[in-house]
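Structural description and commentary
Listed below, chain by chain, are the residues.
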Amino acid sequence: MATGVKPRVKVPATVAAGETITIKTLISHNMESGQRKDKEGNTIPRSIINRFTCAFNGETVIDVAMEPAISTNPYFQFEAKVPEAGEFVFTWYDDDGSVYEEKKTIAIG
Amino acid sequence: MMVLPLRANASATDDLIAEFTGGADLADTGITLTAPEIAENGNTVPIEVSAPGASEIVVFATGNPVPPVAQFSFGPLAGSQTAATRIRLAKTQDVVAVARMADGSFARATQLVKVTIGGCGG
């Protein structure tokens, strides 16, 4: 079970209409790969975030399927087009069924 | 076919790539994979994939116990078909990225990353 999961997202507050912006996201998560063993030699069970999506006003920007080979505290950087003012929704899906969501509103300025 | 144990994971990757492409030919151009030549810490190796006009990019680590790393699918609002992340590498190995282009063709890029400290525990 993952504890202390905290999503962080960097998005500019205002952009010009139609502009392409760079988005950086990071979520604190230990991403247990299922390959490691504890002191007694027992395998530590896998516990990762297996999917990350970013959508703007309901339209998909990026959808990432993640495997255990993604590092601890998964970080993603990508670009998005912003045709109008609206809201970015970032969603992370955990192995244990938890869903973490972060929203950022963006204005045209 | 006889395969040396050392190559076992590499051929597993080939099988996974064939599964993704349906056995289609892979072009060498149109996709860029940026990764460090030497990664001191295999626990967090920064990589960037970029394939203008791609709809999906998959990344494999050929020398990991489990080769698949991630699959990026780009939506209509993607500003560019580029993504950067950090991955785990168990040992020195080839990292492979395969892109599915909008026209249905495929492109592949490979980069050798030397790892000094492995990242998959044990």
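Remember, predicted model here, so these are calculated numbers, not experimental data.

The next thing to look at is the overall build of chain B. A tally of regular secondary structure across chain B gives one helix and nine strands. Each helix and strand of chain B, ordered N terminal to C terminal, gives the series α-β-β-β-β-β-β-β-β-β. Buried residues in chain B amount to 47% of all 122 residues. Looking at chain B alone, contacts between residues at least 24 apart form 65% of all its contacts between residues at least 6 apart. Approximately 5,800 Å² of chain B is accessible, and the part contributed by carbon and sulfur atoms is 54%.

Of regular secondary structure, chain A possesses zero helices and eight strands. Listed N to C, the secondary structure of chain A is β-β-β-β-β-β-β-β in terms of helices and strands. Taken over the C-alpha atoms alone, chain A extends approximately 60 × 20 × 20 Å along its principal axes. When the accessible surface of chain A is summed, it comes to about 5,400 Å², and 46% of that surface belongs to carbon and sulfur atoms. Of the side-chain charges in chain A, 12 are positive and 15 negative, and the distance between the mean point of each set is 6 Å.

The next subject is the interface of chain A and chain B. If you look at the interface, chain A gives 30 residues, while chain B gives 29 residues. A combined buried area of about 2,400 Å² lies between chain A and chain B, and 53% of that area is made up of carbon and sulfur atoms. When the buried area of chain A at its contact with chain B is split by residue, Gln35, Ala69 and Ser71 of chain A rank highest and sum to 22% of it. Taken together, the links from chain A to chain B amount to zero salt bridges. Applying the counting criterion to the chain A and chain B interface returns 18 residue pairs in polar contact (both at pLDDT 80 or more). Elements with a contribution of two residues or more to the side of chain A that touches chain B: strand S3 (19-28), strand S5 (59-66) and strand S6 (75-82) of chain A. A total of eight residues in the side of chain A that touches chain B trace back to one element, the largest contributor, which is S5 of chain A.

This paragraph deals with the packing of aromatic side chains. Summed over all chains, the structure comprises seven aromatic pairs over all chains. Judged by centre distance (5.4 Å) and plane angle (0°), the rings of Phe52 of chain A and Phe76 of chain A are stacked. Of this pair, Phe52 of chain A sits in strand S4 (residues 49-56) while Phe76 of chain A sits in strand S6, and the two are 24 residues apart along the sequence. Like Phe52 of chain A, the residue Phe76 of chain A is buried in the burial classification. Summarising the aromatic geometry, the rings of Phe20 of chain B and Phe106 of chain B are spaced 5.7 Å apart at their centres and angled 75° between planes, so their arrangement reads as edge-to-face. Taken as a pair, Phe20 of chain B in helix H1 (residues 8-21) and Phe106 of chain B in strand S9 (residues 106-117) lie far apart in primary sequence, 86 residues in all. Of the two residues, Phe20 of chain B and Phe106 of chain B, both sit in the buried class. Each residue in the set Phe52, Phe76, Phe78 and Trp92 of chain A together with Phe72 of chain B is aromatic and connected to the rest through ring pairs, giving one cluster.

Okay, the UniProt feature "domain: Sulphur oxidation protein SoxZ" (unreviewed entry) in chain A next. As annotated in UniProt, the feature "domain: Sulphur oxidation protein SoxZ" (unreviewed entry) corresponds to residues 10-103 of chain A in the numbering used here. The span residues 10-103 of chain A carries 0% helix and 54% strand; its end-to-end C-alpha distance comes to 11 Å.

Grouped together as the largest cluster of nonpolar side chains are 56 residues, with contacts concentrated most on Phe52, Ile62, Phe88 and Phe90 of chain A together with Phe72 of chain B. Setting aside its immediate chain neighbours within four residues, Phe72 of chain B contacts Ile62, Asp63, Val64 and Phe76 of chain A together with Val49, Ser55, Glu56, Ile57, Val59, Ala83 and Thr85 of chain B. Phe60, Val96, Val98 and Phe106 of chain B belong to the second largest nonpolar core, which has seven residues in total.

To continue, consider the environment of Lys39 of chain A. Residue and element names in this part refer to chain A. Structurally, Lys39 is set in the loop between S3 and S4. For Lys39, a relative accessible area of 87% puts it in the exposed group. The sequence separation of Lys39 and Thr72 amounts to 33 residues, and the corresponding C-alpha distance is 20 Å.

Rules used in this analysis
Chains are numbered independently. Their residues run from 1 in the order of the written sequence. For this description, chains carry letters from A and ligands carry numbers from 1, given in the order in which they are written. This being a predicted model, a pLDDT of at least 70 is required before a residue's local features are given, and a value of 80 or more before pairs of side-chain atoms are given or counted; all residues contribute to the totals for chains, interfaces and linings. Hydrogens and water are ignored here; the side-chain numbers use all heavy atoms of the structure. Note on conventions: DSSP H or I runs of at least 4 residues are helices, E runs of at least 2 residues are strands, and numbering of each starts at the N terminus. Burial classes: relative accessible area under 20% of the type maximum marks a residue as buried, over 50% as exposed, and values in between as partly exposed (1.4 Å probe, protein chains only). Note on definitions: a residue-residue contact is assigned when non-hydrogen atoms from the two residues lie within 4.5 Å. Exposure was quantified through the Shrake-Rupley algorithm and a 1.4 Å probe, taking into account, for residues, occlusion by the shown protein chains and nothing else. We treat Lys and Arg as the positive residues and Asp and Glu as the negative residues; His and chain ends play no part in the count. One atom stands in for each charge, and that atom is NZ of Lys, CZ of Arg, CG of Asp or CD of Glu. Each of two parts loses accessible area, computed with a 1.4 Å probe, when they are put together; buried area is these two losses added. The rule for a salt bridge is simple: a side-chain nitrogen of Lys or Arg has to be within 4 Å of a carboxyl oxygen of Asp or Glu. The term polar contact refers here to a pair of N or O atoms within 3.5 Å; inside protein, the definition further demands a hydrogen-donor-capable atom paired with an acceptor-capable atom, and it admits residues adjacent in sequence only when both atoms are side-chain atoms. Note on ring pairs: Phe, Tyr and Trp rings are taken, using the six-membered ring of Trp, and paired if centres are within 6.5 Å. Classes follow the plane angle, with under 30 degrees stacked, over 60 edge-to-face and the rest tilted. UniProt positions are given in the numbering used here, feature names are shortened, and annotations may be inferred rather than shown by experiment. We define a nonpolar core as any set of buried Ala, Val, Leu, Ile, Met, Phe, Trp, Tyr and Cys residues linked to one another through side-chain atoms lying within 4.5 Å.

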